[in-house]
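For reference, the chains in residue letters:
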Amino acid sequence: MTGKFLTLEGTEGAGKSTNLSFIKEWLTEQGIEVISTREPGGTEIGEAVRGILLNQDFTAMHEDTELLLMFAARAQHLREKILPALAQGKWVISDRFTDASYAYQGAARGMGFERIAQIEQWVQQGVHPDTTFVFDLPIEVGMARVAARGGETDRFEQEKHDFFEKVRGAYLTRAAQAPERYKVLDASQSLESVQAAIVARLQSLISEA
């Protein structure tokens, strides 16, 4: 079986982590070998970069620095983990990938999409997810979920409402431009309803393999 690359995207508190575990378990039950990972991170080097990116003390980080660090971690992630697994026929599920760069650094930080696209091509050389699940819900609902979790918030979670509205809008715009790759899920629905829609998409992917 050819390996498949799945990514999960969405604003804070949309339920990506919960559903990543569900997807991994469901695919494993179908006899598919799966690895799960995340961005930024996924490798020892990537996790070290993640610590810098999410550090709430680094409020002076320039947008260019943030973008380049994201893609530096992504380059390592691809070469060390994602591409080798796909070559072995495994399915890879990642909590965030390049769509997040367009949403967070592009739309929310105001960076030009053309610049991001140039770095994307250099780092990924045409590698894209087979399916991207976008978990969508009102920003105030997601932030309430984050607050309910407790604990310290990271550098991104401390951004304002308007920042996340831009992130949400970017995800929905990108999904509308390429509906064959994206599956938008109403994350304000019951978990059962969301996961039923996920399973339907996974079954379709399996039939294509």
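Residues numbered from 1 in each chain as written. Predicted model: local features only at pLDDT ≥ 70, side-chain atom pairs only at ≥ 80, totals over all residues. Heavy atoms only, no water.

## As for the overall build of the chain
So, step 1. Within the chain one finds eight helices and five strands.
So, step 2. Against the globule reference of 17 Å for 209 residues, the chain gives a C-alpha radius of gyration of 16 Å, in line with a compact fold.
So, step 3. With respect to the three principal axes, the spread of C-alpha positions in the chain is 45 × 40 × 35 Å.
So, step 4. Counting all 209 residues of the chain, 50% fall into the buried class.
So, step 5. Here the analysis covers contacts within the chain between residues at least 6 apart in sequence; of these, 78% occur between residues at least 24 apart.
So, step 6. Accessible surface for the chain amounts to roughly 9800 Å². Of this, 51% is attributable to carbon and sulfur atoms.
So, step 7. Looking at the chain, you have 22 positive and 30 negative side-chain charges, and the mean spots of the two groups are 1 Å apart. (Helix = DSSP H or I, 4+ residues; strand = E, 2+ residues; numbered from the N terminus. Rg over C-alpha atoms; globule rule 2.2 N^0.38 Å. Buried < 20%, exposed > 50% of the residue type's maximum accessible area, 1.4 Å probe, protein only. Contact = heavy atoms within 4.5 Å. Areas by Shrake-Rupley, 256 points an atom, 1.4 Å probe, with all protein chains shown as cover. Lys, Arg positive; Asp, Glu negative; His and termini not counted. Charge placed at Lys NZ, Arg CZ, Asp CG, Glu CD.)

## Observations regarding the sheet that holds strand β3 (residues 91-95)
So, step 1. As summarised here, the arrangement of the five strands in space is β2-β3-β1-β4-β5, forming an open sheet in which the pairing is parallel. Edge positions in the sheet fall to β2 (34-38) and β5 (182-186), since each has one partner strand and no second. Taken over all neighbouring pairs, the strand axes of this sheet differ in orientation by 20 degrees on average, direction set aside.
So, step 2. Relative to β3, β2 runs parallel, the two being bridged by five bridges. When the sheet's bridge partners are listed, T37 is paired in β3 with S94.
So, step 3. Strands β1 (5-10), β4 (131-136) and β5 of the sheet are contacted by helix α7 (residues 161-177), whose axis makes an angle of about 135 degrees with β5. (Pairing = 2+ DSSP bridges. Axes fitted to C-alpha atoms, helices over the stretch in contact; angles between N-to-C directions.)

## Some remarks on the packing of aromatic side chains
So, step 1. Following the criterion strictly, the structure yields five aromatic pairs and no others.
So, step 2. One cation-aromatic arrangement involves R74 over F71; the distance from NZ or CZ to the ring centre is 4.6 Å.
So, step 3. The side chain of R74 reaches across the aromatic face of F97, ending 5.4 Å from its centre. (Phe/Tyr/Trp six-rings, centres within 6.5 Å; stacked < 30°, edge-to-face > 60°. Lys NZ or Arg CZ within 6 Å of the ring centre and 35° of its normal.)

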